[in-house]
Amino acid sequence: MSTNSTLAPEIVTQLRKNLRGQVLTDTPSRGRYATDASIYQQFPLGVVIPESASDIEAALAVAREHQIPILPRGGGTSQCGQTTGVALVLDNTHFFRKSLQIDPEKGFAEVEPGMVLDHLNAELKKHGLWFPVDVSTSAQATIGGMAGNNSCGSRSIAYGNMVHNVLGIDAWLADGSIAQFGNFASSTGKAKQLGQFVQGLANQLQPEIEARFPKVMRRVAGYNLDVFHPQSELPYTPDGSVNLSHLLVGSEGSLAYFKSLKLKLAPLPQHKVLGVVNFASFYKAMDSAQHIVKLGPTAVELVDRTMIDLARTNPSFKKTIETALIDAQGTTPEAILLVEFSGETQTSLLEKLKSLKTLMGDLGLPGSVVPMADAGMQKNLWEVRKAGLNIMMSLKGDGKPVSFIEDCAVPLESLAEYTQALTEVFAKYGSRGTWYAHASVGTLHVRPILDMRRDGAQKMRAVAEEASELVRKYKGAYSGEHGDGLCRGEWISWQFGPKITEALAQIKQAFDPSNLFNPGKIINPPKMDDASYFRFPPDYKVIPLKPSLDWSAWNVQNNPVTEEITTAGSGGDPALGLAKAVEMCNNNGHCRKFDAGVMCPSYRVTRDEKDLTRGRANTLRLALSNQLDTHDEHSPLGSDAIKEVMDLCVSCKACRRECPTGVDMAKMKIEFLHAYKKRVGFTMRDWLVAALPKYAPIISNIPGLPALLNLRNHLPPVAKLQEWLMGISAQRSLPVWKKETLWNDKSILQKLQYSPAELHQDGKGVVLLADSFNAYFENENLQAAIQVLQAAGYRVHIPQKTTQAKTSSTSACSKEFCCGRTYLAAGMVDQAKETLGELVDYLVPYAQAGIPIIGLEPSCLFTLKDEALVMGFGDKAITVSKQAQLLEEFLAAQAKDNKLSLNLKAATRPVLFHGHCHQKAFAAVTPALELLKLIPNANPELIESSCCGMAGSFGYESEHITVSKQMAEMSLLPTIRKSPNSWIVADGTSCRHQITDGTQRDAVHIAKILAAHLQ
Ligand SMILES: Cc1cc2nc3c(=O)[nH]c(=O)nc-3n(C[C@H](O)[C@H](O)[C@H](O)COP(=O)(O)OP(=O)(O)OC[C@H]3O[C@@H](n4cnc5c(N)ncnc54)[C@H](O)[C@@H]3O)c2cc1C
Ligand code: SF4
Ligand code: SF4
């Protein structure tokens, strides 16, 4: 766990002098590069973000001069610890990530190592090509990392592993020279010399290689000494020639530093069909795989009973997984196999499906295949399969599914016996495994649940020993997909014996005589259970602290066999659940994705690990366990180190939904702000934002004041002065105060008052929340919502304080309720609790009467639905939360139940919809689109965008204005500009503001477009 070793100051100076890219040596930065998706943690000596090849060259030169180890890094998603090390880490993903050449005719691409697989495939799509090593982490895994690990995809049975698809690698050697590794026969220079050396070893050891190398395709352990005498069931090259780049594939950064990689491309399959075979017995499923592969599928993937059950309990996956079942109402199968065929014509594939059905009949399972020819359904089901591991990893408590024997590969004819025997081993050690993945190649993923802080290491050793016996018995490969790293390094000699192990050491010596590259990986590895490498060693301790929100739901332990969790609050976390919530991040790197969803908008702009959900979670974890030099261990949450990572978090809540383990950074940011502001105090800007609901009524009631304040938007010097005084950017217009508001229109307000009983009478009563933003700045939205609801026959009640409503210090002078969002955004949790508590109390009788509670502003409504649950309000908050919904959710649900009568005229302009982040986080975008579809001819289109960049007050803050605009320019604003004539619908106040500022176009709330189309 030592964080102490770092670079000497003169070396840092030299690096900074010789490089253009950043050199990071502070403890938090190093801490963010200390982990990958394994159980290990090693603080690097420093981190370099090279801006160019010459930066890498310079860093290598300095490292060579001072004998500092070098660790090349991609997405850091490795599962075995190969991307952790006491070394100088070089992160290729910022700048070293371009495609250099794509030759569709010759079918190859040349790329820099930091390029992400999905980004490459997006470029290749227009040529009808793809790079077919389809790892589950395709959205974040880099080509360099994939080559480093010899990664394998779901379709490896058809396309092979990385080693089968790399044509050449140009790499820096330890002496700083660049060597071209490709076809051996035509190689020259250093590459040739090294090749000849390895050839000599291989020839000498040919009988040993033939005896010791597993014959299965999925073998990734050690170096590929067998390039000269291939042992894989799939030849490394189609013509049997030797390609020296294959020596580097799987070398885990320990032989050379890849500069560029030449890759073999494949035509994108024109058609695909899926046959989902349902099995009543797991054993039978495993036993059938060997027969199914004979039909020539491109994938055969397993989803077992536990995974099916878990998917069925997850609202995002339930429907999809049930499309795969023969009878969703009947008995759940013990396993399903997803059998994919792809090819040129659909007809030939349908024939394949027929053969599958026949085969299953012959195997005694007639009627067990669900045919799936529809591409959309197939895609959805693959998403569930890919999410498999992540579904499992969401288990709360200290026991976690641990990856250490999860990719042993055995021949298919032994798969059933192997899985049965290993299941018995798990049971013997009081654990259980969930099986999934690559049945086609005998590599099934399985992770027993172990508690690494307690007896996990001992159990891991015991299970590994027994698993290795089984692998030997069935002539399999112990390391079949995820590499060696710290976890499997010690098993290399077990797999290959002393002679080959010695030969591998000689290869390392020939390539890297000074042990510059990633020492301790493959050669001289530590023991897998050496606790000094663990992320959670037995002496891991969390600092006691009392968070401001209720995290007790995370403060639990689990049963490794039943996966049941203990009662909330019983987990023994000294940080009362906050630390355990933070520790849910397993570093899988899913938040590094770029193309789909929202997470993580700040990273998408900066590509900086510190602006990533993972970077934030790691920094928090290190702070809460006192592994950072925060100087104030009593306030680790409020330290500058945490401020640095939270600065660009826009509290979009995307991670809450999109992070596979549900890391909820927006809530953690509230904790940070609370602690930080306690330390440094509140600024004028904090108060200006936080107290807005309190002073808005005063301003709107003083004649002339709204107009006077609005002058700020027309007088640049005033805006400048405000920027100087308060840090509110002069580049932004501020929301415009309205003279007329719902609150000062007593005649309307009086008609909008009903008791819960009155509203309940005929099922046509609703509560409509008048939030401060819509009330004081966009009153027309509230009026539109009332108009639409009334046109549809609903009676609308607007909550306002009456004499019986409790008054408080924060709201004594106003009759409006408030959700407390603005207080939360400023870190004033106590004030937020008081304000929101009042609203919850007021709403309880309405909620108990089953009356819908409707909101217009997503951030306000979802505060009531989400944060209210962790503020200590008890069951009241749950009752209210269940009734709280956005206008579109309510109306769309009514429409679905045939209860909505709205007479709408046809749209004359196209309609674009931008979802507010919180809408996306709570799956409230689909209802909005469904509602807009009720407008004849509207054909609403969703703008595929991440966060708009405004995020409450974030986009107004002078220090954030640039990033805010960059976020908006990623896709939202360009899409709007391309559609000059359309309605733009956006329900978030700040989203609308960003759109207007950036495009000079008006965006409207959904209530307004509906009102505009009322007949
Ligand atoms: C949820 C989950 C699912 C996964 N699914 C799969 C899967 O389906 N198939 C699979 O094979 N793996 C899988 N993995 C493991 C991992 O994602 C892959 O191995 C991935 O290819 C690693 O890519 P990366 O960019 O994160 O590499 P990193 O982890 O950053 O690096 C991997 C290795 O490559 C070396 N390396 C990186 N760049 C260079 C370079 N320029 N020169 C020399 N060496 C370099 C590193 O030093 C390291 O040893 C999964 C992991 C997770 C967490
Ligand atoms: S924050 Fe979530 S998505 Fe990101 S690495 Fe951690 S667990 Fe994965
Ligand atoms: S809340 Fe949004 S910005 Fe913050 S970490 Fe999560 S995804 Fe990133």
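Here, every reference points to the structure presented above.
Reading the values: the criteria
- Residues numbered from 1 in each chain as written.
- Chains lettered and ligands numbered in written order.
- Predicted model: local features only at pLDDT ≥ 70, side-chain atom pairs only at ≥ 80, totals over all residues.
- Heavy atoms only, no water.
- Near = heavy atom within 4 Å.
- Nonpolar A, V, L, I, M, F, W, Y, C, P; charged D, E, K, R; others polar.
- Pairing = 2+ DSSP bridges.
- Helix = DSSP H or I, 4+ residues; strand = E, 2+ residues; numbered from the N terminus.
- Axes fitted to C-alpha atoms, helices over the stretch in contact; angles between N-to-C directions.
- Contact = heavy atoms within 4.5 Å.
- Parallel < 35°, antiparallel > 145°, perpendicular 65-115°, else oblique.
- Left-handed = near helix turned anticlockwise from the far one by under 90°.
- Core = buried A, V, L, I, M, F, W, Y, C linked by side-chain atoms within 4.5 Å.
- Buried < 20%, exposed > 50% of the residue type's maximum accessible area, 1.4 Å probe, protein only.
- 1 Å grid on protein atoms, 1.4 Å probe; cavity = no way out; pocket = protein on both sides within 12 Å on 5 of 7 lines; lining within 4 Å.
- Points joined across faces, edges and corners; volume = space filled by probe spheres on them.
- Salt bridge = Lys/Arg side-chain N within 4 Å of Asp/Glu carboxyl O.
- Phe/Tyr/Trp six-rings, centres within 6.5 Å; stacked < 30°, edge-to-face > 60°.

Chemist: In this structure, what is going on with the site of ligand 2? I would like to understand it.
Modeler: By nearness alone, every residue bordering ligand 2 is listed as Cys 585, Asn 586, Asn 587, Asn 588, Gly 589, His 590, Cys 591, Thr 613, Arg 614, Cys 659, Pro 660 and Thr 661. Here the residues of the shell around ligand 2 are counted per class, giving four nonpolar, seven polar and one charged.

Chemist: Just to check I follow, could you spell out the sheet that holds strand E9 (residues 178-181) for this structure?
Modeler: Picture the strands of a sheet paired through backbone hydrogen bonds; they go either parallel or antiparallel. Strand order in the open sheet formed by five strands is E5-E6-E10-E8-E9, and the pairing between neighbours is antiparallel. Two strands bound the open sheet, and with one partner strand each, they are strand E5 (99-103) and E9. For this sheet the average axis-to-axis angle between neighbouring strands, irrespective of direction, equals 10 degrees. Where strand E8 (residues 166-172) and strand E10 (residues 257-264) come together, six bridges link them in antiparallel fashion. Across the sheet, Ala 171 pairs through a bridge with Phe 258, a residue of E10. In this fold helix H3 (residues 53-66) packs onto E8, E9 and E10, with an angle of close to 55 degrees to the strand it touches most, E8.

Chemist: Hey, could you run me through the site of ligand 3 in this one?
Modeler: In the region of ligand 3, 13 residues are neighbours, and Cys 600, Arg 616, Cys 649, Cys 652 and Cys 655 sit closest. Breaking the shell around ligand 3 down by element, the ones donating at least two residues are helix H22 (613-624), helix H24 (654-658) and helix H25 (665-680). Across the shell around ligand 3, the residue classes tally to nine nonpolar, two polar and two charged.

Chemist: Looking at this model, I keep getting lost on the packing of helix H33 (residues 779-791) against helix H38 (residues 887-896). Mind explaining?
Modeler: Helix packing geometry: the angle between the two helix axes and the distance between the axes. Look at H33 against H38: their axes get within 12 Å of each other, and the N-to-C directions meet at 15 degrees. By the angle class used here, H33 and H38 are roughly parallel. The handedness of the crossing between H33 and H38 comes out as left-handed. In contact with Ala 785, Val 788 and Leu 789 of H33, H38 contributes Leu 887, Phe 890 and Leu 891. For the contact of H33 with H38, the residue count by class is six nonpolar, no polar and no charged.

Chemist: Before we go on, may I ask you to explain the nonpolar core in this structure?
Modeler: Side chains of a nonpolar character, in soluble globular proteins, are inclined to be buried together. Counting 91 residues, the largest nonpolar core has Leu 578, Met 646, Met 665, Met 668, Leu 836, Leu 843 and Leu 864 as its most contacted members. With 10 residues, the top contributor of residues to this core is helix H35 (residues 829-848). Met 665 has contacts with Thr 613, Arg 616, Ala 617, Leu 620, Met 646, Cys 649 and Cys 655, leaving out every residue within four places of it along the chain. Core analysis: the next-biggest nonpolar cluster, separate from the first, contains 60 residues, Leu 337, Leu 349, Leu 415 and Met 460 among them.

Chemist: Please clarify how the packing of helix H10 (residues 282-292) against helix H13 (residues 346-362) should be interpreted in this entry.
Modeler: Look at H10 against H13: their axes get within 11 Å of each other, and the N-to-C directions meet at 130 degrees. Regarding the angle of H10 to H13, the classification is oblique. Crossing angle aside, the handedness with which H10 passes H13 is right-handed. Contacts from Ser 288, His 291 and Ile 292 of H10 reach H13 at Leu 356, Leu 359 and Met 360. Taken together, the residues of the contact of H10 with H13 sort by class into four nonpolar, two polar and no charged.

Chemist: How should empty space enclosed by the protein be read in this particular structure?
Modeler: Gaps between atoms show up when a probe of the same size as a water molecule is rolled over them. Tallied over the full model, the rule gives nine cavities of 30 Å³ or more. Estimated volume of the largest cavity: approximately 180 Å³. Along the wall of the largest cavity there are 18 residues; nearest its centre are Ala 770, Asp 771, Phe 817, Cys 818 and Cys 819. Looking at the lining of the largest cavity, the elements with two or more residues in it are helix H32 (772-776), helix H34 (821-825) and helix H36 (858-865).

Chemist: Please clarify how the pattern of salt bridges should be interpreted in this entry.
Modeler: Working definition: two side chains of opposite charge can pair if their charged atoms are close together. Evaluated as defined, the whole model comprises 53 salt bridges. As a salt-bridge pair, Arg 312 and Glu 322 come within 2.9 Å of each other at their nearest N and O atoms. Separated by 10 residues along the polypeptide, Arg 312 in helix H11 (residues 305-313) and Glu 322 in helix H12 (residues 318-323) bring together distant segments of the chain. A salt bridge links Lys 527 to Glu 490; the shortest N-O distance between them is 3.7 Å. Residue Lys 527 is found in the loop between helix H19 (491-511) and helix H20 (578-582), and its partner Glu 490 is found in the loop between helix H18 (485-488) and H19; the two are separated by 37 residues along the sequence. Glu 490 sits in the buried class, given a relative accessible area of 15%.

Chemist: Help me understand the packing of aromatic side chains, please; the structure alone is not making it clear to me.
Modeler: The geometry of two aromatic rings is summed up by the distance between their centres and the angle between their planes. A complete count under the given rule lists 25 aromatic pairs for this structure. Both rings, one in Phe 213 and one in Phe 496, keep their centres 4.5 Å apart while their planes meet at 35 degrees; by these two values the pair is tilted. Of this pair, Phe 213 sits in the loop between helix H8 (206-212) and helix H9 (245-248) while Phe 496 sits in helix H19, and the two are 283 residues apart along the sequence. The same class applies to Phe 213 as to Phe 496, namely buried. Relative to Trp 435, the ring of Tyr 418 lies with its centre 6.5 Å away and its plane at 75 degrees, an arrangement referred to as edge-to-face. Taken together, the residues span a long stretch of sequence, with Tyr 418 in helix H16 (residues 415-428) and Trp 435 in strand E17 (residues 435-438) at a distance of 17 residues.

Chemist: Can you help me understand H38 in this one?
Modeler: One turn of an α-helix holds 3.6 residues; hence residues three or four places apart share an orientation. When you tally the buried positions in H38, you get seven out of 10 residues, the bulk of the element. Note on H38: the residue one or two positions beyond its end, Asn 898, has a positive phi of about 60 degrees.

Chemist: Looking at this model, I keep getting lost on H36. Mind explaining?
Modeler: Of all eight residues making up H36, eight are buried, and the element is well covered by its neighbours. Among the residues making up H36, those that are buried are Pro 858, Ser 859, Cys 860, Leu 861, Phe 862, Thr 863, Leu 864 and Lys 865.

Chemist: Sorry, what's going on with unusual backbone geometry here?
Modeler: Apart from glycine, the bulk of residues carry a negative phi angle, and the bulk of peptide bonds sit in the trans form. Of the consecutive residues Met 599 and Cys 600, the connecting peptide bond is found in the cis state with omega at -10 degrees. Tracing the chain through its elements places Cys 600 in the loop between H20 and helix H21 (601-606). Here Glu 252, not a glycine, exhibits a phi torsion of approximately 55 degrees, which is positive. Along the chain, Glu 252 turns up in the loop between H9 and E10. What makes Glu 252 buried here is its relative accessible area of 4%.

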